[in-house]
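Each chain is listed here by its residues.
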Amino acid sequence: MKALLLLENGMTFEGQGFGEPRDVLCEVVFNSAMCGYTELLTDPSYAGQGVVMTYPMIGNYGICYEDAEADHPWVEAFIVHSVSGIASNFRCDIDLDGYLKNNRIPGISGIDTRALTRCLRESGTMRGMLCFGDQIDRDEMKRKIAAHVVPNGVSQVSIRKPRDYGNGSVKVALLDYGTKENIIRSLTRRGCTVRRFPNDTPFEEIKAWNPDGVMLSNGPGDPQACVKEIAELKRVYQSGIPTFAICMGHQLMALSQGANTYKLKYGHRGINHPVKELKTNRVYITSQNHGYVVDAGTIDSSIAEVSYVSMNDQSVEGLDYKNGRVFSVQFHPEACSGPLDTGFLFDRFMDLMGGGRV
């Protein structure tokens, strides 16, 4: 079936549809990873977004459910140059096209993803619409794109009731802003019992569980829209409970302590982003997925110091708080697929909670 992607700047890309032939509005972003599309599709941080893959061939090893970061995909649309018609992998559970159809996710292939990525790099992330069929009304698409408001996705992706994982001796309260499953696996593997709380849980409820530490997860959207969450994190910080924050959680903790955030032109999305640790000058290759960052010029030096920076644009990639009980990173140390060399940050969190290492 014919498919058409229209961007808000008027650029169009014609190709072939795959997955579910369903018209959608989305925020169009690109990801530079060569693999790991199962994890990408199921990452809640992509809620509301149509993801362009810069690597040309996608789907050749199919979908392995064990690698998923959630029980269903969160992307709004999947945009590729070429989708493989054959899935060759002994771990494959289903091919990419079938997986998208089962979950009603539309896709488009056969377009020039290099040109599309260049457009996003030059003009920035923008709204778009994907439509299917032989008779597509482009004027109507333009009207819908102009009226589309990218939603704040945290409340959309968070769980509704607390949920427990593992049976270890160290208790971690995980605030769910769009948690990737591998954050939970990284904690339970180190001997933690994890209670996953909804994003808007009052601090009193968290404290009543008597956790040894608090974990703040990744998530989608503009962190400044999370007014209630930011207010509760002020109380988490004041409590002195050891806290480790990733991605959205990193941004929300910074906002709770008076810093500001801003939107990047086209974001950091991929598994190949170099980050430098300032204390050691060591560079790590990290997995990232975010469109906002903490503004370095707004960080109160009496409260926190920058611990990591991006080697690509020098933006803030981590903060250490002066109370010695809170630290955060913008990248994903739990990433799978992706590099594993920043997994030591979970060990640091365990040490901070007095739980030792496994």
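Caption draft 1: Main features of the sheet that holds strand S2 (residues 12-19). Strand order in the closed barrel formed by 7 strands is S1-S2-S8-S6-S4-S3-S9, and the pairing between neighbours is mixed. Averaged over all neighbouring strand pairs, the angle between strand axes comes to 35°, with direction disregarded. Across 5 bridges, strand S1 (residues 2-7) lies against S2 in antiparallel orientation. The partner of Lys2 across the bridge, within S2, is Gln16.

Caption draft 2: Region of interest: the pattern of salt bridges. With the rule as written, the count across this model stands at 18 salt bridges. For Glu20, the salt bridge is made with Arg104, and the minimal N-O distance between the two is 3.8 Å. Highlighted residues: Glu20 in the loop between S2 and strand S3 (24-31) and Arg104 in the loop between helix H2 (96-102) and strand S8 (106-109), separated in sequence by 84 residues. By relative accessible area, Arg104 is classed as partly exposed at 45%. One salt-bridge network, in which partners are shared between bridges, spans Glu66, Asp67 and Arg91.

Caption draft 3: Spotlight on the pairing of strand S18 (residues 316-321). Here S18 lies mainly inside the structure; 6 of its 6 residues are buried. Taking the residues that link successive antiparallel strands as the turn, the strand S17 (residues 304-310)-S18 hairpin has 5 residues, and the phi of Gln314 there is positive, at about 65°. Examined bridge by bridge, S18 and strand S19 (residues 326-329) share 3 bridges and lie antiparallel to one another. Across the sheet, the residue bridging to Leu319 is Ser328, located in S19.

Caption draft 4: Inspection of unusual backbone geometry at higher detail. A positive phi is found at Cys247, a non-glycine position, where the angle reads about 60°. Mapped onto the secondary structure, Cys247 falls in the loop between strand S14 (243-246) and helix H9 (248-256). Taking the relative accessible area as the measure of exposure, Cys247 reaches 2% and is therefore buried. One non-glycine residue, Gln314, lies in the positive phi region at around 65°. As for its position among the elements, Gln314 is in the loop between S17 and S18. Accessibility expressed as a relative area gives 52% for Gln314, which makes it exposed.

Caption draft 5: Quick look at the nonpolar core. Of all hydrophobic cores here, the largest spans 31 residues; its most connected members are Leu175, Tyr177, Val214, Leu216, Leu252 and Tyr321. Contributing elements (two or more residues each) for this core: strand S11 (170-175), helix H7 (203-208), strand S13 (213-216), helix H8 (227-239), H9 and S18. For this core, the element with the most residues is H9, which contributes 5 residues. Sequence-distant contacts of Leu216, defined by excluding residues within four places in its chain, comprise Leu175, Tyr177, Leu233, Thr243, Phe244, Ala245, Ile246, Gly249 and Met253. With 24 residues, the next largest nonpolar core counts Tyr165, Leu187, Val275 and Tyr284 among its residues.

Caption draft 6: Just H8, in detail. In this model H8 runs 19 Å from its N-terminal to its C-terminal C-alpha over 13 residues, within 8% of the 18 Å that 1.5 Å per residue would give. All of the buried residues in H8 are Glu229, Ile230, Glu232, Leu233, Val236 and Tyr237. In a view along the axis of H8, the buried residues occupy a sector of 165°, so they form one face of it. Of the exposed residues in H8, the ones pointing more than 90 degrees away from its buried face are Val227 and Gln238. One or two steps after H8, the chain reaches Gly240, where phi turns positive at roughly 80°.

Thresholds applied
Residue positions are given per chain, counted from 1 along the sequence in the order it is written. Reporting in this predicted model follows two pLDDT cut-offs: at least 70 for local features of residues, and 80 or more for side-chain atom pairs to be given and counted; totals over whole chains, interfaces and linings ignore these cut-offs and use all residues. To get the side-chain values, take all heavy atoms of the structure and skip hydrogens and water. Criterion used throughout: strands pair if DSSP finds at least two bridges between them. A run of DSSP states H or I qualifies as a helix once it reaches four residues; a run of E qualifies as a strand once it reaches two. Both are numbered from the N-terminal end. An axis is simply a line fitted to the C-alpha atoms; with a helix, the fit covers only the stretch in contact. Between two such axes, the angle follows the N-to-C directions and lies from 0 to 180 degrees. The salt bridge definition used is simple: a Lys or Arg side-chain nitrogen within 4 Å of an Asp or Glu carboxyl oxygen. Classification of residues uses two cut-offs on accessible area relative to the type maximum, computed with a 1.4 Å probe and protein chains only: under 20% is buried, over 50% is exposed, and between them is partly exposed. In this text, buried Ala, Val, Leu, Ile, Met, Phe, Trp, Tyr and Cys residues form a nonpolar core when linked through side-chain atoms within 4.5 Å. Whether two residues are in contact is decided by their heavy atoms, any of which lying within 4.5 Å being enough. A helix is expected to span 1.5 Å for every residue after the first. What the arc measures is the spread of directions leading from the helix axis to the C-beta atoms.

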